[in-house]
Amino acid sequence: MIDVYPDLESLSRAAAALLVRQANLAVAARGRFSVALAGGATPRRTYELLAAPPLKDQAPWDRMHVFWGDERCVPLNDSRSNARLAKEAWLDHVPIPGTQIHPMNCAPDPAAAARQYEAQLREFFAGQPPRLDLVLLGLGHDGHTASLFPGTAVLKEGERWAAPVYLAEADLHRVTLTAPLINQAAVVAFLVAGGAKAGVLREVLHGPRDPARLPAQLIQPQTGELRWLADLAAAGSLP
Ligand code: 6PG
């Protein structure tokens, strides 16, 4: 299901409202809400809106548990850090208990960090199915999402919930949640904005199925809901 918004601002308002709505539903049903955040530039405005009224006053912050969909393995104060983005724009401004915010911190050792992250998730889900209430994702120009990049071994990962990824061209290590884990989520929402994404969005949604080339096509929630939030510019090439 795709919802098209006039611009990034209205897309961000919808995404922030979706998070608050899902949080209140999850807390009412199960007493807590778990979300995995997207990195990159697109979600910044969404995060800023969550740190300001009215949404800031409508969310069950004390019952919220924040994970990341992926992280660049750089120091937390590095401008490329996804955790830094979310903390500066949002998390440092709302009263989520620090013990409920789980950055990936993979700079020292990506492989160890991926194992530790999976252990944190297993502890959080305590033997129950790892059903994140909401996963926010972006879409890269090359069809990647989280750090599921074309041509990387993690695309074939069928068991692990988190894995290290090395991007040679950027000489950058990352850790990502895997498709098997993301696909167990209750709601997965892609946030896609800008004309530069129009071609890849059309390919992912309407092109031939080729997840090795377009890893975003791996994201097919088993029982959960898949939502696409796009602005008019990104949706411009859709039939
Ligand atoms: C990352 C992100 C990545 C991002 C896309 C889109 O760490 O790079 O998780 O998957 O969502 O690359 O990025 P933009 O929103 O900056 O276009």
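Residues numbered from 1 in each chain as written. Predicted model: local features only at pLDDT ≥ 70, side-chain atom pairs only at ≥ 80, totals over all residues. Heavy atoms only, no water.

## Let's talk about a nonpolar patch on the surface
Line of reasoning, step 1. A grouping of Ile2, Val4 and Leu232 is seen on the molecular surface, where their side chains present a nonpolar patch of about 240 Å² in accessible area.
Line of reasoning, step 2. The topology assignment puts Ile2 in strand E1 (residues 2-5). (Patch = residues over 30% accessible without salt bridge, like charges linked within 9 Å, V, L, I, M, F, W, Y side chains within 5 Å. Areas by Shrake-Rupley, 256 points an atom, 1.4 Å probe, with all protein chains shown as cover. Salt bridge = Lys/Arg side-chain N within 4 Å of Asp/Glu carboxyl O. Helix = DSSP H or I, 4+ residues; strand = E, 2+ residues; numbered from the N terminus.)

## Description of helix H4 (residues 110-125)
Line of reasoning, step 1. The end-to-end C-alpha distance of H4 is 22 Å, a good match for the 22 Å that 16 residues give at a rise of 1.5 Å each.
Line of reasoning, step 2. The set of residues buried in H4 consists of Pro110, Ala112, Ala113, Ala114, Tyr117, Glu118, Leu121, Phe124 and Phe125.
Line of reasoning, step 3. Buried positions along H4 lie against strand E2 (33-37), strand E3 (64-68), strand E6 (162-167), strand E7 (172-177) and helix H5 (179-182).
Line of reasoning, step 4. The distance from a side-chain oxygen at the start of H4 to the backbone nitrogen of Ala111 is 3.2 Å, and the residue carrying that oxygen is Asp109.
Line of reasoning, step 5. Once H4 ends, the next one or two residues include Ala126, with phi positive near 45 degrees. (Expected span 1.5 Å × (residues − 1). Buried < 20%, exposed > 50% of the residue type's maximum accessible area, 1.4 Å probe, protein only. Contact = heavy atoms within 4.5 Å. Polar contact = N/O pair within 3.5 Å; in protein donor to acceptor, adjacent residues only side chain to side chain.)

## Remarks on the nonpolar core
Line of reasoning, step 1. If you look at the biggest cluster of nonpolar residues, it comprises 88 residues, and the most contacted ones within it are Leu37, Tyr47, Met64, Trp68, Trp90 and Leu177.
Line of reasoning, step 2. With 10 residues, the top contributor of residues to this core is helix H1 (residues 8-30). (Core = buried A, V, L, I, M, F, W, Y, C linked by side-chain atoms within 4.5 Å.)

## Section: the state of the cysteines
Line of reasoning, step 1. The final tally for this structure, using the stated rule, is one disulfide.
Line of reasoning, step 2. Each disulfide pairs two cysteine sulfurs, and for Cys73 the partner residue is Cys106, the sulfurs being separated by 2.2 Å. Given an S-S torsion of about -110 degrees, the disulfide between Cys73 and Cys106 has left-handed geometry. One end of the pair, Cys73, is in the loop between strand E4 (70-72) and helix H3 (82-89); the other, Cys106, is in the loop between H3 and H4, with 33 residues separating them in the sequence.
Line of reasoning, step 3. Residue Cys73 is classed as buried on the basis of its relative accessible area of 13%.
Line of reasoning, step 4. Of the residues examined, Cys106 reaches a relative accessible area of 1% and is grouped as buried. (Disulfide = S-S within 2.5 Å.)

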